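# Tertiary structure, described
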Amino acid sequence: MVNEEEELNQLRGGTGSPETDQRSNDTFARLKRRVHILNWLPSYGREDLISDAIAGITLGLTIIPQSIAYAGIAGVPSQYGLYAAFMGSLVYILFGTVKEVSIGPTSLMSILTVQYTAGKPVQYVIILASLAGLVELLMGVLKLGFLVSFIPIPVTSAFTSATSIIIIGTQLKNLLGISVTGKGFFDTVYALSGKLTETSIGDLTLGCVGCFFLLGMKQLTQIPINEGTRMGKFWKKFLWYLSLARNALIVVISSFVAFKWSSSGEEVPFKLSGHVKQGIPSFELPVYGVQLGNSTISYVEVVKELGSSIIVIPLVAVLANVSIAKAFSAGKIVDASQEMIALGLCNILGSCFSSMPTCGAFTRSAVSHSSGVRTPLAGLYSAIITLLALSLLTPYFYYIPKTTLAAVLICSVVFMIDFKIVDTLRQSSKIDTIAWFGCFCCSLLLGVEVGLLFGVLICVLGLLKVWARPTIRQNCVEQAGFRYVKLSPEAGLFFPAVDFLRTKVLKVAIAEQVPIVVDCSAVIGLDHTSTKGLRELAKELEKVKQRLILLNLQPGLKKLLKGDDPKGPFSFWEDEGDGYQSNVQSIRL
């Protein structure tokens, strides 16, 4: 016979078993955490639909010219940038946690990709995207989001600034209409300097006009307008949308000029993007060998050739994605592990449709935010716009001038160069200043991945210095006829610092000939090395008729220090208050 509790569970839609219902609820909660669309889709309304449609269409008009330009940076045909644009947007709808984040090709991913795949078949780029996605997914599953915390803001700033300068350097050849090949920023600039006489006046003129147009359109939102009236609000919004569409406008205008010029039968005075393959790529798992000439390079050999890029690119992508998510999360806690999983799936599934490596883009995320995006479903509309472009507009992409795309890229990244931070760092932290310059210079000279790792290494060494050589404040105290020296380490006391402390204590003890009080307020733990070192220090002080006094040491650490000897060579003070007299008596020898 069914009891009352089971009847109630059945009426509520349960299974009749509280344990089973609890397991079912836990499973659904875990599913909602990983498939994030389940959290917002049930409450999705008409206003959300309209807002997301507007934001998605605006984003689509932004992402198309960017994708074509970023494909050029990565050294692959234009269509591969568009392949990367639609799949990431669709996958992030299901798994993404921050509505503003827009997954797709970025300048950062493009510059990193070309450093590892320059001169190689495009299949290397696709395989790299899949491997990067696997690593990102694994990082998310293993909850390795804390690794991002080891890349501080000064290093991120230097890395971004150096990457922006490298992008500008690589696009100068398109802006000037010069054909050069160079590895790295300085090599490219040096190669350009030797061919300045070959500058194409047509490319340079159109490129400069494009830059002035883009910079001017960016300032439209700064025009003072009285927003107190209905027309004022209309014009403010109109100018904002006009400024937002500046990349699409310059591409459309310059392409139309090139098309009309070509139709007249005259030679176009600037270089065009050329043929863009039409259509949506078919699904194919990126685990194939690569045909190079008459030989085939196996999948395993391709992975070996990609080398450190399999780690560097996912790490940088995760850093960028989590940083953008935090910037637009409106104070909410960002699930870094879920963002890693979402990004990993975007790259894995994207690579099955010939995508290059992708991550979130700050500029596109800002566009989404400004457009009033409500949910990640806005990515559906931007993906549809991209797919329509691949299906219908690719014949017209032929007429997009290369110098126009160069102008779009240069004007997009020039504002990401941040030298002002150096003055702030110089006044606040020597280590941060060294890390900034180290990362910046290494990125330009040796590559952005080396610069990033070098900057992180400097910051980590700075942290190690704090623990290995902590600042120790010294005060001489005399009260109630008792004089002692108080030493206060400003960091923890683990094995790298114990010898440093021993040297300091012995030096002061010999010089002052008074008891030494070590303030342990900052000591949060002791390892075997530091415990043994403190015992040896106490014995050394006993030999010179002194005693080591430890102030404010945690009870558990006291027990650890005493070990099997309850008396031990130590004295412990709980505070410097009323217990002085008894404390003094307890340590007199």
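What comes next is a walk through the structure. Just so it is clear, the model here is predicted, and its values are computed rather than measured.

Now for the overall build of the chain. Looking only at helices and strands, the chain has 25 helices and nine strands in total. Within the chain, buried positions represent 50% of all 589 residues. For the chain, the exposed area adds up to about 29200 Å²; of that, 62% sits on carbon and sulfur atoms.

The buried fraction of strand β6 (residues 482-489) amounts to seven of the eight residues, a majority that puts the element mostly inside the structure. Where β6 and strand β7 (residues 516-519) come together, three bridges link them in parallel fashion. Its bridge partner lying in β7, L487 is registered against V518. The handedness of the β6 to β7 crossover, carried by helix α22 (residues 495-512), is right-handed.

This part takes up unusual backbone geometry. Phi is positive for K143, which is not a glycine, with a value near 55°. Among the secondary structure elements, K143 is positioned in the loop between α7 (122-141) and α8 (153-176).

The full count for this structure, using the stated rule, is 14 aromatic pairs. Aromatic pair F234 and W235: ring centres 5.5 Å apart, planes at 75°, arrangement edge-to-face. What makes W235 partly exposed here is its relative accessible area of 41%. A ring pair is formed by W436 and F440, whose centres lie 5.0 Å apart and whose planes are at 15°; its orientation type is stacked. Of this pair, W436 and F440 both sit in helix α20 (residues 430-446), four residues apart, which is roughly one turn of that helix. The same class applies to W436 and to F440, which are both buried. By way of ring pairs, the aromatic residues F419, W436, F437 and F440 are connected into one cluster. The side chain of K120 reaches across the aromatic face of Y124, ending 5.9 Å from its centre.

Here we take up the pattern of salt bridges. Counted according to the given criterion, the structure contains nine salt bridges. Put simply, E47 and R374 hold a salt bridge, and the shortest N to O gap is 3.8 Å. Taken together, the residues span a long stretch of sequence, with E47 in helix α4 (residues 46-74) and R374 in the loop between α16 (362-370) and α17 (378-397) at a distance of 327 residues. Residue E47 is classed as exposed on the basis of its relative accessible area of 55%. We classify R374 as partly exposed; its relative accessible area is 38%. Between R502 and E536 there is a salt bridge, and its shortest N-O distance comes to 3.2 Å.

Turning our eyes to something else, we now look at the pairing of strand β8 (residues 548-551). Side-chain positions along a regular strand alternate between the two faces of the sheet. Neither face of β8 is open: one carries L548 and L550, the other I549 and L551, and all of them are buried. Considered for its hand, the β-α-β crossover made up of β7, helix α23 (residues 528-543) and β8 is right-handed.

Let us now look at a nonpolar patch on the surface. A surface patch of nonpolar side chains, about 490 Å² in accessible area, is lined by I384, L388, L392, L393 and Y396. Secondary-structure assignment places L393 in helix α17.

Bringing the environment of T531 into the picture now. Position of T531 relative to the elements: it lies in helix α23. Sequence separation between T531 and K562 is 31 residues, and the spatial gap between their C-alpha atoms is 9.5 Å. In this structure the side chain of T531 is engaged in a polar contact, spanning 2.8 Å, whose partner is the backbone oxygen of D527.

So, on to the environment of L196. Inspection of the secondary structure puts L196 in the loop between α9 (185-193) and α10 (201-218). The sequence separation of L196 and L176 amounts to 20 residues, and the corresponding C-alpha distance is 8.2 Å. In contact with L196, not counting residues within four places along its chain, are L176 and I178.

Bringing the side chain of S157 into the picture now. Secondary-structure assignment places S157 in helix α8. Judged by its relative accessible area of 10%, S157 is buried. With residues near it in sequence (within four places) discarded, S157 still touches D418, I421 and W436.

Ranked by internal contacts, the top residues of the largest apolar core, which has 110 residues, are I64, V76, V155, L306, V316 and F397. At eleven residues, helix α14 (residues 309-327) tops the list of elements feeding residues into this core. Excluding anything up to four places from it in sequence, V76 contacts A71, V122, V125 and M356. Grouped together as the second largest cluster of nonpolar side chains are 26 residues, I516, V518, F570 and F572 included.

Definitions and limits used
- Residues numbered from 1 in each chain as written.
- Predicted model: local features only at pLDDT ≥ 70, side-chain atom pairs only at ≥ 80, totals over all residues.
- Heavy atoms only, no water.
- Helix = DSSP H or I, 4+ residues; strand = E, 2+ residues; numbered from the N terminus.
- Buried < 20%, exposed > 50% of the residue type's maximum accessible area, 1.4 Å probe, protein only.
- Areas by Shrake-Rupley, 256 points an atom, 1.4 Å probe, with all protein chains shown as cover.
- Pairing = 2+ DSSP bridges.
- Right-handed = clockwise from strand over helix to strand, strands pointing away.
- Phe/Tyr/Trp six-rings, centres within 6.5 Å; stacked < 30°, edge-to-face > 60°.
- Lys NZ or Arg CZ within 6 Å of the ring centre and 35° of its normal.
- Salt bridge = Lys/Arg side-chain N within 4 Å of Asp/Glu carboxyl O.
- Patch = residues over 30% accessible without salt bridge, like charges linked within 9 Å, V, L, I, M, F, W, Y side chains within 5 Å.
- Polar contact = N/O pair within 3.5 Å; in protein donor to acceptor, adjacent residues only side chain to side chain.
- Contact = heavy atoms within 4.5 Å.
- Core = buried A, V, L, I, M, F, W, Y, C linked by side-chain atoms within 4.5 Å.

Treat this as a map of the structure, not an account of what it does.
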